[in-house]
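Each chain, written out:
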Amino acid sequence: MSNVSVRSVDAVPAPLLRAGKFLFDWIPLVILTVLWEYASGTAVPAEILPPPTRVVGEIQELIVSGEVYSHLFTSLFRIGVGLGLSIAVGVLLGIGMARLDPVEDFFEVLLALTYPIPKTALVPLAILWLGVGTETAVLIVFLACLLPIVLNAYNAAENVDKNLVWAAKMMGTDGRQLFRKVVIPATIPEILTGVRQAIPIAFIALVSAELIASDKGIGYLILTAGQVGNYPTMFANIVIISAVAFFAVRGYEILRERVLVWT
Amino acid sequence: MTERTLDGHVSISNLEKVYDDGAERTTAIKDLSFDIEGGEFASIVGPSGCGKSTLLYLVAGFLDETSGSIEVDGDPIDGPGTDRGVVFQDYALFPWRTVMENVTYGLEEQGYTKEERRSRAQKYIDMMDLSGFEDNYPKELSGGMKQRVGLARTLAYDPKILLMDEPFGALDQPLRESLQDQLIDIWGDLDKTVVFVTHDVEEAVYLSDTVMVMTRHPGTKKNVTKVDLDRSQTREAIITSNEFTETKNDVWKSLREETQPEVQP
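Residues numbered from 1 in each chain as written. Chains lettered and ligands numbered in written order. Predicted model: local features only at pLDDT ≥ 70, side-chain atom pairs only at ≥ 80, totals over all residues. Heavy atoms only, no water.

- Looking at an unreviewed UniProt entry, chain B carries the name ATP-binding cassette domain-containing protein, with the source organism given as Halobacterium bonnevillei.

Quick look at the structure:
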């Protein structure tokens, strides 16, 4: 009892601590924004580096006019499909490689060789096959996200605690059940880590692909605004997609915490 | 062979286990024969690396013997089976399952209904003083509690033979002692054969009817000591008794020769 009262005198209330940490976390961004505002029009001409206040106005306009939504929706759709496909294929491939030697031998060299290739370098080729548009963008997102997901699933399935498998076997689990009841749950945390790594990669790959060739999407807006010298719009779109990516990752992390209550 | 009244008789004969990784052959166990009666509490002590855990996992059916045989009630074992239950040193609880879900696992596999599973599991959860923690995940438990869950999980599906691999090795002394006493009580009530691997001589003698000392690499049976203690006494009375001290010293000396072969007389 006395312990509790002593602690409550010393400790800063938790909500206050959280608020403090939150403010602290954002200090670098605030400094950067202030410097940017100051540099624009002094160190760098405002035409090529529009100040944040101008960019914010532009973002407001894009949102109010509704112009940005269909492009944002297109970009998010491409990310969703590409990432979804890479999760489905990547998890199967990763676990398959860990459990079956022929699958491992078949894909190991291929994966090692393709890992360092910047996937956006494949855009020109993908355009030849699939044309300019959603298919190409989806393919690039899929390829870029596949490796972190495969590698995490592969590692996890390869390192399932032997004692857990033995414990299940001694209680009568075998074959496919062993897979469902032990291997899958044991690998889920690392699969979800792979997906976490893949989300920002998906945004990078998508915007890059759309910048090279596209008919729609945020990357397309950035490209066209840049080409006509409309830098406030260009920056506005960069800020919008960054914010969306940031909240996508944060949202995903909250979801992951909910799913993995046991870790 | 003596008339046995209980199931769970383990008969090990001429057992040999060789690990072969292609480049090197390592003999872990050689020419080992050992009989454990149904309902007996047998401990295996030996220097580290003598293959005592390997022996336990061979009996569990997790590993395959190179030659020789292991029979349970006259039948050669063929892989893991629900007649044998292992209690692991590192607990090996399923981290994604709550305490209740861990303890019901074996019953789930045997096809009990949900109500039956829960009521059976509850009995062992209560027996292990885990009431109130049914819905906790293993990460939320201390080491001692985790091992009690491990024990409850294995007891719940009612194997005839408990195979325990240094189950209390990671716990501190007071906790070890209380779990040892709990284990003796359970063993007295449940008519199970126990094969208990440990490197702690005092623990082995305190718990067992029989203590087998294994030789250093390659592991084989060195000697078997029968322990005759009146287990109705308190721990203090047993530990301070002459019989206990003498038996413990005998086993200790025998083990000492294996850990320090150069100082043999």
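Observations regarding the overall build of chain A
Okay, so step 1: Helix and strand counts for chain A come out as 11 helices and zero strands.
Okay, so step 2: From first element to last, N terminus to C terminus, chain A shows the α and β order α-α-α-α-α-α-α-α-α-α-α.
Okay, so step 3: Counting only C-alpha atoms, chain A reaches 70 × 70 × 30 Å along its principal axes.
Okay, so step 4: By the burial criterion, 40% of the 263 residues in chain A qualify as buried.
Okay, so step 5: Just so you have it, chain A exposes about 14,900 Å², and 69% of that area is on carbon and sulfur atoms. (Helix = DSSP H or I, 4+ residues; strand = E, 2+ residues; numbered from the N terminus. Buried < 20%, exposed > 50% of the residue type's maximum accessible area, 1.4 Å probe, protein only. Areas by Shrake-Rupley, 256 points an atom, 1.4 Å probe, with all protein chains shown as cover.)

Focus on the interface of chain B and chain A
Size of an interface: often given as the accessible area lost when the parts come together.
Okay, so step 1: Taken together, the contacts link 26 residues of chain B with 18 residues of chain A.
Okay, so step 2: Roughly 2,000 Å² is buried in total at the junction of chain B and chain A, and carbon and sulfur atoms are behind 68% of that figure.
Okay, so step 3: Within the residue set of the side of chain B that touches chain A, elements represented by two or more residues are β6 (84-87), α3 (105-109) and α5 (143-156) of chain B.
Okay, so step 4: Of the residues forming the side of chain B that touches chain A, the biggest block, four residues, is contributed by α3 of chain B.
Okay, so step 5: Of the residues contributing to the side of chain B that touches chain A, the split by class is 14 nonpolar, five polar and seven charged. (Contact = heavy atoms within 4.5 Å. Buried area = accessible area lost by both parts, 1.4 Å probe. Nonpolar A, V, L, I, M, F, W, Y, C, P; charged D, E, K, R; others polar.)

Quick word on the confidence of the model for chain B
Okay, so step 1: For chain B, per-residue confidence averages 89 on the pLDDT scale, and residues scoring 70 or more make up 96% of the total.
Okay, so step 2: The secondary structure element of chain B with the lowest average pLDDT is strand β10 (residues 221-226) of chain B, at 85, and the one with the highest is helix α2 (residues 99-103) of chain B, at 96. (pLDDT = per-residue confidence, 0-100.)

Topic: the pairing of strand β3 (residues 41-45) of chain B
On a regular strand, one side chain projects to one face of the sheet and the next to the other, so that they alternate.
Residues and elements named next belong to chain B.
Okay, so step 1: Counting buried residues along β3, five of its five residues qualify, which places the element largely inside the surrounding structure.
Okay, so step 2: Across the two faces of β3 the burial is the same, with Phe41, Ser43 and Val45 and Ala42 and Ile44 all buried.
Okay, so step 3: Here five bridges tie β3 to strand β8 (residues 193-198), and the two strands are oriented parallel to one another. Of the residues in β8, the one forming a bridge with Ile44 is Val197.
Okay, so step 4: One ladder, built from four bridges, connects β3 with strand β9 (residues 210-214); its direction is parallel. (Pairing = 2+ DSSP bridges.)

Thoughts on the side chain of Ser86 of chain A
Residue and element names in this part refer to chain A.
Okay, so step 1: Position of Ser86 among the secondary structure elements: in helix α4 (residues 67-99).
Okay, so step 2: A residue is classified by how much of its surface remains accessible, and Ser86, at 0% relative accessible area, is buried.
Okay, so step 3: Setting aside its immediate chain neighbours within four residues, Ser86 contacts Val91, Phe142, Cys145, Leu146 and Ile149.

Digging into the sheet that holds strand β2 (residues 25-36) of chain B
Residues and elements named next belong to chain B.
Okay, so step 1: In space, the four strands of this open sheet follow the order β2-β1-β4-β5, with antiparallel pairing throughout. Strands at the two margins of the open sheet, each flanked by one partner only, are β2 and β5 (75-76).
Okay, so step 2: Where strand β1 (residues 10-20) and β2 come together, eight bridges link them in antiparallel fashion. By the bridge assignment for β2, Tyr19 is matched with Thr26.
Okay, so step 3: Packed onto the sheet, helix α1 (residues 52-60) meets β1, β2 and β4 (67-72) and runs at close to 115 degrees relative to β1. (Axes fitted to C-alpha atoms, helices over the stretch in contact; angles between N-to-C directions.)

Remarks on the UniProt feature "domain: ABC transporter" (unreviewed entry) in chain B
Okay, so step 1: In this structure's numbering, the residues bearing the UniProt feature "domain: ABC transporter" (unreviewed entry) are residues 10-241 of chain B.
Okay, so step 2: Secondary structure within residues 10-241 of chain B divides into 34% helix and 27% strand; the distance between the first and last C-alpha atoms comes to 31 Å. (UniProt positions renumbered as here; feature names shortened; annotations may be inferred.)

Structural notes on the environment of Gly90 of chain A
All names here are of chain A.
Okay, so step 1: If you trace the backbone, Gly90 turns up in helix α4.
Okay, so step 2: For Gly90, a relative accessible area of 0% puts it in the buried group.
Okay, so step 3: Separated by 101 residues in the primary sequence, Gly90 and Ile191 have C-alpha atoms spaced 9.2 Å apart.
Okay, so step 4: In contact with Gly90, other than residues within four places in its own chain, are Leu85, Leu146, Ile149, Val150 and Ala153.

Description of the environment of Met127 of chain B
Residue and element names in this part refer to chain B.
Okay, so step 1: By secondary structure assignment, the location of Met127 is in helix α4 (residues 114-127).
Okay, so step 2: For Met127 and Arg148, which are 21 residues apart along the polypeptide, the C-alpha to C-alpha distance reads 9.4 Å.
Okay, so step 3: If we ignore the near neighbours within four places in the chain, the residues touching Met127 are Leu155, Gln182 and Ile186.

Some words on a negative patch on the surface
Residues and elements named next belong to chain B.
Okay, so step 1: A surface patch of like charges, here negative, comprises Asp228, Asp230, Glu243, Glu246 and Asp250.
Okay, so step 2: Take Glu246: it is sitting in helix α9 (residues 242-259).
Okay, so step 3: Residue classification places Glu246 among the exposed residues on the basis of a relative accessible area of 51%. (Patch = residues over 30% accessible without salt bridge, like charges linked within 9 Å, V, L, I, M, F, W, Y side chains within 5 Å. Salt bridge = Lys/Arg side-chain N within 4 Å of Asp/Glu carboxyl O. Lys, Arg positive; Asp, Glu negative; His and termini not counted. Charge placed at Lys NZ, Arg CZ, Asp CG, Glu CD.)

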